[in-house]
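A look at the structure
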Number of protein chains: 2
Amino acid sequence: MAAPPIKFGILGCAEIARKVSRAISLSPNSTLHAVGSRSHEKAAKFAADNGFPDSAKVYGSYEAVLDDPDVDAVYVPLPTSLHLKWAVLAAQKKKHLLLEKPVAINAREFDQIVAACESSGVQFMDGTMWMHHPRTAKMKEFLCDSSRFGDLKAVHCCFTFAAEKEFLENDIRVKPDLDALGALGDVGWYCTRSILWAADFELPKTALALRGTVKNSSGVILACSAFLQWEDGKSATFHCSFLANLTMDLTVVGTNGTLKFQDFVIPFEQDKASFSTAVKSGFTELVTGWDPKPSDHTVMTDLPQEALMVKEFSRLVGSIKYDGAKPEKKWPTLSRKTQLVLDAVKASIDKGYETVEIIS
Amino acid sequence: MAAPPIKFGILGCAEIARKVSRAISLSPNSTLHAVGSRSHEKAAKFAADNGFPDSAKVYGSYEAVLDDPDVDAVYVPLPTSLHLKWAVLAAQKKKHLLLEKPVAINAREFDQIVAACESSGVQFMDGTMWMHHPRTAKMKEFLCDSSRFGDLKAVHCCFTFAAEKEFLENDIRVKPDLDALGALGDVGWYCTRSILWAADFELPKTALALRGTVKNSSGVILACSAFLQWEDGKSATFHCSFLANLTMDLTVVGTNGTLKFQDFVIPFEQDKASFSTAVKSGFTELVTGWDPKPSDHTVMTDLPQEALMVKEFSRLVGSIKYDGAKPEKKWPTLSRKTQLVLDAVKASIDKGYETVEIIS
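As the structure is a prediction and not an experimental result, all values here were calculated from the model.

A few words on the UniProt feature "domain: GFO/IDH/MocA-like oxidoreductase" (unreviewed entry) in chain A. Taking the numbering used here, the UniProt-annotated feature "domain: GFO/IDH/MocA-like oxidoreductase" (unreviewed entry) corresponds to residues 143-259 of chain A. Each end of residues 143-259 of chain A is marked by a C-alpha atom, and these two atoms are 8 Å apart; helix forms 21% of the span and strand 44%.

Laid out in structure tokens, this is it:
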């Protein structure tokens, strides 16, 4: 008989929490159990609008969610500056933790979150949804195939979107006291994670922010670029921005093959996603065309990637709760590496575009 | 009545000269008239193998081609180190000049070539074929449309190919005395040109080579990356290499739109080429997909891009020869800007990855 579903509490009514609430509903091994907001009314409206069952609890504070003994796990979409306080408190209250990205303001704060999770034996996972799409596993197979892909040489990632005036004035992601990393913590998180993913999560040796970082009047990053380099010479560049048309490219070039996709964070469509591979690409006679040409691949998914994320998280939580398993360390490890790279890029900007060593 | 076709002489029997010979045959306003090589036998074989008419002249030296009074224009695919000598001599002999890229070892040498062309009143054009594909004009329309594309923010270009062992040991492009710029002069030329093209040929203010340049034992560049920045804050990165799978990406991101193509130098197919545009891209409700999505566009061409290049060059030559027109300055201007950027990237590498100002 299947174990009972993992009961989720949600801290706050962020826009992204609507999508994750739906994901919790869609995932077969989880259920929406509670939502808390500083305003009880707001929490009630959120529950009513987002498919919470009638039995769900509505609280007028975050603490109340953490104090609900029936809550197994919490999803925390609060502004980054609040992560340390609420993630640590959640872990102390023995709640498994699905935390939005960026996971913290810096790796030092993140380490305190991880320490709290370890101390309480709860699972940690960050909210990077695309990691859980079956396309990602399929592409990984390609990157791991030495005959088709070979050795990684270069990665480029671009994630930009054109924020509206309202966003640029009021969104938490442009407020120094809420999300001090700005575009670097938001879209840059995805660039960094995708580059690390392509490099099999080997940390780069150095990071160099590239000149031209755009900041708002409060000093929050609105656009920046960076160059990462590994010990063996492979390298990556990325550009992240709130100031240019929505673009979401990842290009991974190896000695034998090339992988490309143009919707790496949010697939163009919910139920399927594509990528392009090229293997030992060459030219026709007289170089008037390509032979072979790259080929496109489509991967279907029965659940959207965010529901697959919740499903995997809940599976791990269930293993701990019902089978006495230990938390899976892979997820906090990947989060920490991503944060370390963001920290190094930020440090490079702050030091006037010096090359910064990334030390694990 | 149509003017007689422009008579081409070819200096040397380089591999690329086979493709351009065919282009001269295909172009309606040009004809293959002569080929010269240091070996008469090699020139004769080249003429026989590459569709030269029976009336074509075969010479055992480059000088002889330049001394043939019937030759209107020469195509010069010689190693870069020989460009200064032979391009200047060709211009002095009043031959219009279609010169392979990189046009020179540096802009200073290139300026001598341009001075010789100006002094003789002959047309100059470099051999960057993709500039002449109708796709390029179509994409330019998109970039110039402020409502669809807006202001340019970021460009990324990647041009790599996996050279065979034989190439890495013996090709002229890895020999310091023949093509001292190596991959930067070869594939990097195209990256630089494409970035300039996207920036409407506004020169960047600075160039910074990114660490990790790979050189062979003779000091010739086999792979490198660079970052270019403009006065107004827009920026570009490129990666060029002989050491990774054939990849040929250009991504151009503006405030309103995005342009992408994956075969910018050599289209996948000879008779048509595609590109992708995205305009005011956004997400569906709950950010579970894109709306609108990018769209693909295909442009047909009656002649391959290299024949269109020859056709345009011959049209300009014909205007000078038959109509008393002045040489079109656009082409040497674009070549010079491209060379200036290459020079700056090279200087940045030589100075230990300092930022280098680009001075026109």
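Moving on, we get to the pattern of salt bridges. In this structure the tally under the stated criterion is 45 salt bridges over all chains. In this structure, Asp249(A) engages Lys260(B) in a salt bridge whose closest nitrogen and oxygen atoms are separated by 2.5 Å. Placement of the pair is Asp249(A) in strand β11 (residues 243-254) and Lys260(B) in strand β12 (residues 257-261), with the two residues belonging to separate chains. Since its relative accessible area comes to 6%, Asp249(A) is described here as buried. The partner of Arg173(B) in a salt bridge is Asp186(B), with the nearest N and O atoms 3.1 Å apart. Placement of Arg173(B) in the loop between α7 (165-170) and α8 (182-185) and of Asp186(B) in the loop between α8 and α9 (187-198) is noted, with a sequence separation of 13 residues between them. Exposure remark for Asp186(B): the relative accessible area of 7% places this residue in the buried category.

With that settled, consider the nonpolar core. Core analysis: the biggest nonpolar cluster contains 119 residues, and Leu97(A), Trp197(A), Phe238(A), Phe242(A), Phe264(A) and Val345(A) have the highest contact counts within it. Split by domain, this core shows at least three residues from each of two domains, domain 1 (6-130 + 306-328) and domain 2 (134-303 + 339-357) of chain A. Not counting residues up to four positions away in its chain, the partners in contact with Val345(A) are Leu184(A), Ala207(A), Ala209(A), Ala226(A), Leu228(A) and Phe238(A). One finds Phe110(B), Tyr190(B), Cys240(B) and Phe261(B) within the second-largest nonpolar core, a separate group that totals 116 residues.

Right, let's talk about the UniProt feature "domain: Gfo/Idh/MocA-like oxidoreductase N-terminal" (unreviewed entry) in chain A for a bit. Mapped onto the present numbering, the UniProt feature "domain: Gfo/Idh/MocA-like oxidoreductase N-terminal" (unreviewed entry) falls at residues 6-125 of chain A. As annotated, residues 6-125 of chain A has a helix share of 43% and a strand share of 22%, and its two end C-alpha atoms lie 15 Å apart.

Moving on: the domain arrangement of chain A. Residue and element names in this part refer to chain A. Considered domain by domain, chain A is made up of domain 1 (6-130 + 306-328) and domain 2 (134-303 + 339-357). Each of domain 1 and domain 2 was reduced to a C-alpha centroid, and the two centroids are 27 Å apart. Contact with domain 1, which involves 22 residues of that partner, is made by 25 residues of domain 2. The three residues of domain 1 that bury the most area against domain 2 are Lys101, Trp130 and Leu308, which together make up 38% of that side's buried surface. Between Asp126 and Arg193 there is a salt bridge; the shortest N-O distance is 2.5 Å.

With an axial shift of 0.0 Å and an RMSD of 0.0 Å, the rotation relating chain B to chain A amounts to 180°. Taken together, the rotation and translation relating the two chain copies correspond to the operation of a two-fold axis.

The interface of chain B with chain A comprises 58 residues on the first partner and 58 residues on the second. Summed over both sides, the interface between chain B and chain A buries roughly 4500 Å², with carbon and sulfur atoms accounting for 59% of that surface. Viewed at the interface, chain A and chain B are joined by 27 residue pairs in polar contact (both at pLDDT 80 or more). Mapped by element, the contributors of at least two residues to the side of chain B that touches chain A are α1 (15-26), β7 (152-162), β8 (206-215), β9 (221-229), β10 (235-241), β11 (243-254), β12 and β13 (272-279) of chain B. For the side of chain B that touches chain A, the element with the most residues is β11(B), which contributes 10 residues.

For the rest of this paragraph, the subject is the pairing of β10(B). Residues and elements named next belong to chain B. Most of β10 sits inside the fold, with 7 of its 7 residues counted as buried. On β10, burial covers both faces: Ser235, Thr237, His239 and Ser241 on one face and Ala236, Phe238 and Cys240 on the other are all buried. Pairing of β9 with β10 involves 7 bridges; the strand directions are antiparallel. Within β10, the residue paired with Cys224 across the bridge is Cys240.

Turning next to the sheet that holds strand β15 (residues 355-357) of chain A. Residue and element names in this part refer to chain A. Spatially, β14-β13-β12-β11-β7-β10-β9-β8-β15 is the arrangement adopted by the 9 strands of the open sheet, whose pairing is mixed. Each edge of the open sheet is held by one strand with a lone partner, namely β14 (295-300) and β15. The mean inter-strand angle of the sheet, taken between neighbouring strand axes irrespective of direction, is 20°. Here β11 pairs with strand β12 (residues 257-261) via 4 bridges, running antiparallel. Within β12, the residue paired with Val253 across the bridge is Thr258. Running over the sheet, helix α6 (residues 134-144) touches β11, β12, β13 (272-279) and β14 and is turned about 10° from β13.

Overall, the coordinates contain 32 aromatic pairs over all chains when judged by the stated rule. Geometrically, the ring pair formed by Phe46(B) and Phe52(B) is edge-to-face, given 5.9 Å between the ring centres and 75° between the ring planes. Accessibility assignment for this pair places Phe46(B) and Phe52(B) in one class, buried. Note on Trp130(B) and Trp197(B): the rings are 5.5 Å apart at their centroids and 80° apart in plane angle, and the pair reads as edge-to-face. Placement of the pair is Trp130(B) in the loop between β6 (124-126) and α6 (134-144) and Trp197(B) in helix α9, with a sequence separation of 67 residues. Just as Trp130(B) is buried, Trp197(B) falls in that class too. Each residue in the set Trp130(A), Phe159(A), Tyr190(A), Trp197(A), Phe261(A) and Phe264(A) is aromatic and connected to the rest through ring pairs, giving one cluster. The ring centre of Trp197(A) lies 5.0 Å from the NZ or CZ of Lys140(A), which sits over that ring.

Calculation notes
Residues numbered from 1 in each chain as written. Chains lettered and ligands numbered in written order. Predicted model: local features only at pLDDT ≥ 70, side-chain atom pairs only at ≥ 80, totals over all residues. Heavy atoms only, no water. UniProt positions renumbered as here; feature names shortened; annotations may be inferred. Helix = DSSP H or I, 4+ residues; strand = E, 2+ residues; numbered from the N terminus. Salt bridge = Lys/Arg side-chain N within 4 Å of Asp/Glu carboxyl O. Buried < 20%, exposed > 50% of the residue type's maximum accessible area, 1.4 Å probe, protein only. Core = buried A, V, L, I, M, F, W, Y, C linked by side-chain atoms within 4.5 Å. Domains from an automatic or database assignment. Contact = heavy atoms within 4.5 Å. Buried area = accessible area lost by both parts, 1.4 Å probe. Least-squares fit on C-alpha atoms with pLDDT ≥ 70 in both. Polar contact = N/O pair within 3.5 Å; in protein donor to acceptor, adjacent residues only side chain to side chain. Pairing = 2+ DSSP bridges. Axes fitted to C-alpha atoms, helices over the stretch in contact; angles between N-to-C directions. Phe/Tyr/Trp six-rings, centres within 6.5 Å; stacked < 30°, edge-to-face > 60°. Lys NZ or Arg CZ within 6 Å of the ring centre and 35° of its normal.

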